[in-house]
Amino acid sequence: MIVSASSVEEQFRAMFERVCVTGGAGFIGSHLVDGLRRAGATVVVLDDLSTGRRENLAHHADGVDFVEGSIGDATAREDAVAGCDLVMHLASRVSVAESMSEPELYRRVVGTGTREMLESAVAAGARRLVLAGSCSVYGDAPPPISEATTPAPASPYAEAKLVAESHCRAFAEAGRIATICPRFFNVYGPRQRADSPYSGVIAIFAALAARGETPVIFGDGRQTRDFIHVEDVVRGLMLAAMATDTHGGEAVNFGTGRGTDLLELARVLRAGPPRFEAARDGDIRHSVADPGRAARLLGFETEIDLATGLSSIGHRPTS
Ligand SMILES: NC(=O)c1ccc[n+]([C@@H]2O[C@H](COP(=O)([O-])OP(=O)(O)OC[C@H]3O[C@@H](n4cnc5c(N)ncnc54)[C@H](O)[C@@H]3O)[C@@H](O)[C@H]2O)c1
């Protein structure tokens, strides 16, 4: 049975009061904060503002405390998780390309940072931690990709996400804290930055289209991605936090099950004829989720199709 956003928020209110969101000033994290506030939770954001922005939370007059600091800083972590019954752990370096040149940074922030976050959550008495995982752990597996697919990470980012998941499983298996690891496919929506080469492709193409500029496609443009709207991800994260019989660190795909290739995306966004450059190391050819487990375990199915989702960032797609 699929659960609507308003009934998710109602159920959530009955389960959690105070929630720590790491990375809550970022793109997905700030939308999650909005959802948690609609559900009546008090939220504490822990963010070092390396890619996040305070403006993303400026519309919250109250109910959101902000701890500016790194997940690598024990004092900042303790401040942020104090009194929280749930931790939504989204803080991360987020770029496959950057991880190729700075692998140690990714091991530290994404791998070690998750273990330290788990330790702090346990020490504070939190009941659950939800990790923002990534479909990148599957590497170039043939779609549709289910969670039974053997991971084959092709970048330090993906390797570190896999390590982060293994910490979540180990803590759950040791009975220290319940955990679950949604693996996001390609998330898009309002507030996604377009000013970084590391951003999501929709944000970059949309910004170029608005300026009448030519998009660059790495490779032949036939690579496919499974684009999931951020509001669907927020609902899925809240369902993941609430699920009662799935907190042993399970991986759960968050995707739509539909692939769109980049040539089609450029056409729909009216981004003009693309310029092609060589494919980049670590780039994945096809990435489309089998979303069946999320539906079975969490009652989570996406509701926002690409055309509707693109209108949320100000685009009226062609047919
Ligand atoms: N956007 C996607 O398509 C996508 C896909 C798969 C997984 N994810 C995961 O979702 C999460 C959120 O990503 P996003 O797209 O919103 O990116 P984002 O860059 O907007 O958010 C990441 C946030 O983490 C913060 N941060 C980074 N390092 C930190 C540190 N050491 N301490 C505290 N805060 C830190 C940043 O300032 C930022 O606010 C990440 O874990 C990312 O790996 C995103």
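What counts and how
- Residues numbered from 1 in each chain as written.
- Predicted model: local features only at pLDDT ≥ 70, side-chain atom pairs only at ≥ 80, totals over all residues.
- Heavy atoms only, no water.
- Disulfide = S-S within 2.5 Å.
- Buried < 20%, exposed > 50% of the residue type's maximum accessible area, 1.4 Å probe, protein only.
- Phe/Tyr/Trp six-rings, centres within 6.5 Å; stacked < 30°, edge-to-face > 60°.
- Helix = DSSP H or I, 4+ residues; strand = E, 2+ residues; numbered from the N terminus.
- Lys NZ or Arg CZ within 6 Å of the ring centre and 35° of its normal.
- Contact = heavy atoms within 4.5 Å.

A.B. asks: Go over the state of the cysteines, please, and point to the residues and values.
C.D. replies: Evaluation of the coordinates by the stated rule reveals zero disulfides. Free cysteine: C135, not disulfide-bonded; nearest cysteine sulfur from C181 at 14 Å. Lacking any disulfide linkage, C181 is separated from the closest cysteine sulfur, that of C168, by 4.1 Å. When its relative accessible area of 0% is taken as the criterion, C181 is described as buried.

A.B. asks: Mind laying out the packing of aromatic side chains, listing which residues take part and the relevant values?
C.D. replies: Following the criterion strictly, the structure yields six aromatic pairs and no others. Plain terms: the ring middles of F12 and F16 are 4.9 Å apart, the flat faces sit at 45° to each other, and that makes the pair tilted. Neither F12 nor F16 differs from the other in exposure class; each is buried. On the basis of an interplanar angle of 80° and a centroid distance of 6.2 Å, the ring pair of Y106 and Y157 is categorised as edge-to-face. Remark: Y157 occurs in helix 6 (residues 156-173) and Y106 occurs in helix 5 (residues 103-123); sequence separation between them is 51 residues. Take Y106 and Y157: they sit in the same class, and that class is buried. An aromatic cluster of three or more residues is present, and its members are F184, F254 and F300. Directly above the aromatic system of F218 lies the positively charged group of R280, at a separation of 4.2 Å from the ring centroid.

A.B. asks: Please provide a residue-by-residue account of the environment of D65, values included.
C.D. replies: For D65, the location among the structural elements is in strand 3 (residues 64-68). A C-alpha to C-alpha distance of 8.6 Å links D65 and A80, two positions 15 residues apart in sequence. Those residues in contact with D65 that sit more than four places away from it in its chain are R18, V43, V44 and V45.

A.B. asks: Lay out unusual backbone geometry with the relevant residues and their values.
C.D. replies: Cis geometry is adopted by the peptide bond preceding P144, which originates at P143 and carries an omega value of -5°. Relative to the assigned elements, P144 resides in the loop between strand 6 (133-134) and helix 6. Positioned with a positive phi, L49 is a non-glycine residue whose angle comes to about 60°. Within the secondary structure, L49 is located in the loop between strand 2 (42-47) and strand 3.

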